[in-house]
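A closer look at the structure
Spelled out from the first residue to the last, the chains are:
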Amino acid sequence: MNLECDVLIIGGGMAGLVAGTVSAKKGLNTLLLRRGQSATANSSGAIDIIGYMPEVSEPFSSPKEGLSTIAGLYPLHPYSIVGYSDMVDPDRVVDEIAGRVRETVNWLKKNLRKTVSPLKGSFNHNIHPITILGTTKPTCLIQETMYSESLQKDDDSALLFVGFSGHPDFNPSVAAKTYLEDRLSFGEPPRKVGRCILETAPFGKSYNISSIEIARHLDHETSIQDLANQLKRPVEQIGASHVAVPPVLGLKKAVENKLRLEELLGVEVFELLGFPPSVPGLRLQMALESIFRKSGGKMLVGHEAVSYTRAEDRVSGVLVRAPRREIQIDARAYVLATGKFIGGGLNGDENGIREPVFDLMTVTREYHSAEGILPTRFTNRIAISPLGQPVYSCGLTVDPYFRPVGEDGLEWASNLFAAGSILAGYDYSSEKSGLGVAAVSGYSAAKNVLDYIGEVT
Ligand SMILES: Cc1cc2nc3c(=O)[nH]c(=O)nc-3n(C[C@H](O)[C@H](O)[C@H](O)COP(=O)(O)OP(=O)(O)OC[C@H]3O[C@@H](n4cnc5c(N)ncnc54)[C@H](O)[C@@H]3O)c2cc1C
């Protein structure tokens, strides 16, 4: 079977879905392949642009501050690449990068407004939402359900951490203790913090309950009333002005549930940032898929790109495998957004670090070839460390138009673009830049695809 389209997007995480939506909105016949689940769906659902300079513990106060530092120190970072098209005056590179990132942030906020994942935050400053550990982290955009306007500003705010019996993912006592110590050390509100545990048995199950089970349970109308009934007493006991719940407020009705709880209790309610499997990550994935489809894009789920055909300097087609069929898809331009090790965009084993669809050149953090190098040489023993994991910086190098380059430094094909975490040159885990780089590079790659298609027709 053969299919044809204008743009074939390979990969359905943040990078692929942003690129696909931009392309489909311009009226191009856009097809997207997603072989399985993405890192995007496993993320906390908060969109980090840039939180830290690698190996520095003081966070950036705003994405703009972070981007100027990154552009000055790391010229091959994906954000820096945005500033290098030959149209840009060298003195305006930082402004160009900041402008493009701001545009992407505003694009995400506007396009996700009416989805299950509406966003709060702005390019002008980083915000510091609370995690399920009771720590805070710098990020740019969070889902509305995670946002509290007044908690850390109102001098008399009092916060109640709420856990669920039988839900092992969140311990409200630990979170309350860590958070209070942190606030006291800064001398900032809230100065009063409490915790409580509620009983819930989603679908009759009362132990080993997952976040997703609670979220599905809370999507039912009566569950929120029950939660409010249980919460009334602990809220009154500590005089809480704010209630923090783990990220479980619903898969489809989280915003509605937050507002309903606030109305029933007369306090501000918000979700904490959590770890995978992540309800807000799934909401973000669902929201991105819905805007892609509404823009006219078509998606083939469970379909894997496995190899390609080439005609002169172009990719002419991609061979795609699904459990019961093989398809050849021919497109005018291709965006490779297959992610890193979780998404499956890179394979790492005893043969080194490889890109499996096009066999593109991969490089290490030092920009040496990653072929034949054991991935374990690039890992730290401490999993979560400010030093990050050098293996995350491995990937593809691209030209100023986000086209992967070969060993000669020239683009590998004139119509193949790459975006997202498959790119080399940054470590999202230490910088806190994962979904931001994916969105900005996906948006930029799509703009370059539009220019390319405009030029060849
Ligand atoms: C546990 C965890 C928590 C995180 N938390 C945050 C956070 O709080 N904030 C933040 O900003 N970032 C976070 N990140 C980082 C962020 O999630 C990633 O950087 C980002 O999602 C990468 O997006 P992507 O589109 O490049 O790749 P992915 O989201 O991984 O998408 C890749 C897609 O490609 C598909 N694919 C792969 N190979 C093929 C193929 N051959 N054919 C067809 N499809 C294919 C996959 O199925 C998937 O759909 C987190 C990451 C992890 C792992």
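The coordinates are above.
Residues numbered from 1 in each chain as written. Predicted model: local features only at pLDDT ≥ 70, side-chain atom pairs only at ≥ 80, totals over all residues. Heavy atoms only, no water.

Brief notes about the environment of A24
- Within the element layout of this structure, A24 appears in helix α1 (residues 14-25).
- Put simply, A24 and S295 are 271 residues apart on the chain and 5.6 Å apart in space, counted from C-alpha to C-alpha.
- When neighbours within four sequence positions are excluded, A24 is seen to be in contact with T30, S295, G296 and G297. (Helix = DSSP H or I, 4+ residues; strand = E, 2+ residues; numbered from the N terminus. Contact = heavy atoms within 4.5 Å.)

Considerations on the packing of aromatic side chains
- This model, assessed by the stated rule, comprises seven aromatic pairs.
- Each ring, one from F161 and one from Y179, has its centre 5.9 Å from the other, and the planes form 75°; the classification is edge-to-face. Linking F161 in strand β5 (residues 158-164) with Y179 in helix α6 (residues 172-186), this pair joins segments that are 18 residues apart in sequence.
- Each member of the aromatic cluster is reached from another via a ring pair, and the members are Y308, F358 and W412.
- Lying over the aromatic face of W412, R310 brings its terminal NZ or CZ to 4.6 Å of the ring centre. (Phe/Tyr/Trp six-rings, centres within 6.5 Å; stacked < 30°, edge-to-face > 60°. Lys NZ or Arg CZ within 6 Å of the ring centre and 35° of its normal.)

Notes on the site of the ligand
- Around the ligand sit 37 residues, and of these T40, S44, A46, S421 and L435 come closest.
- Between the ligand and the protein, one listed contact pairs an oxygen atom with a backbone N or O atom of G12 at 3.2 Å.
- One of the backbone nitrogen or oxygen atoms of S421 is found 2.8 Å away from an oxygen atom of the ligand.
- Relative to its unbound accessible surface of 1000 Å², the ligand loses 93% to contact with the protein.
- Of all elements in the fold, only α1, β2 (30-34), α2 (39-42), β10 (304-311) and α12 (434-456) reach the threshold of two or more residues within the shell around the ligand.
- Grouping the amino acids of the shell around the ligand by side-chain chemistry returns 14 nonpolar, 18 polar and five charged. (Near = heavy atom within 4 Å. Polar contact = N/O pair within 3.5 Å; in protein donor to acceptor, adjacent residues only side chain to side chain. Areas by Shrake-Rupley, 256 points an atom, 1.4 Å probe, with all protein chains shown as cover. Nonpolar A, V, L, I, M, F, W, Y, C, P; charged D, E, K, R; others polar.)

Some words on the nonpolar core
- Counting residues in each nonpolar core, the largest one holds 91 residues, and the members touching the most others are L8, M14, L108 and F358.
- Looking at this core, the element that brings in the most residues is α12, giving twelve residues.
- For F358, the residues in contact, after removing those within four places along its chain, are I10, Y308, V315, V318, L336, W412 and L416.
- One finds I224, A228, I238 and V248 within the second-largest nonpolar core, a separate group that totals 24 residues. (Core = buried A, V, L, I, M, F, W, Y, C linked by side-chain atoms within 4.5 Å. Buried < 20%, exposed > 50% of the residue type's maximum accessible area, 1.4 Å probe, protein only.)

Concerning the pattern of salt bridges
- A full pass over the atoms with the stated rule returns 19 salt bridges.
- E263 is the salt-bridge partner of R260, the closest N and O atoms lying 2.9 Å from each other. Taken together, the residues span about one helical turn, with R260 and E263 both in helix α9 (residues 254-265) at a distance of three residues.
- Judged by relative accessible area, which is 30%, R260 ranks as partly exposed.
- Residue class for E263 comes out exposed when judged on its relative accessible area of 60%.
- Counted as one network, the salt bridges with shared partners bring together D182, R183 and E188. (Salt bridge = Lys/Arg side-chain N within 4 Å of Asp/Glu carboxyl O.)

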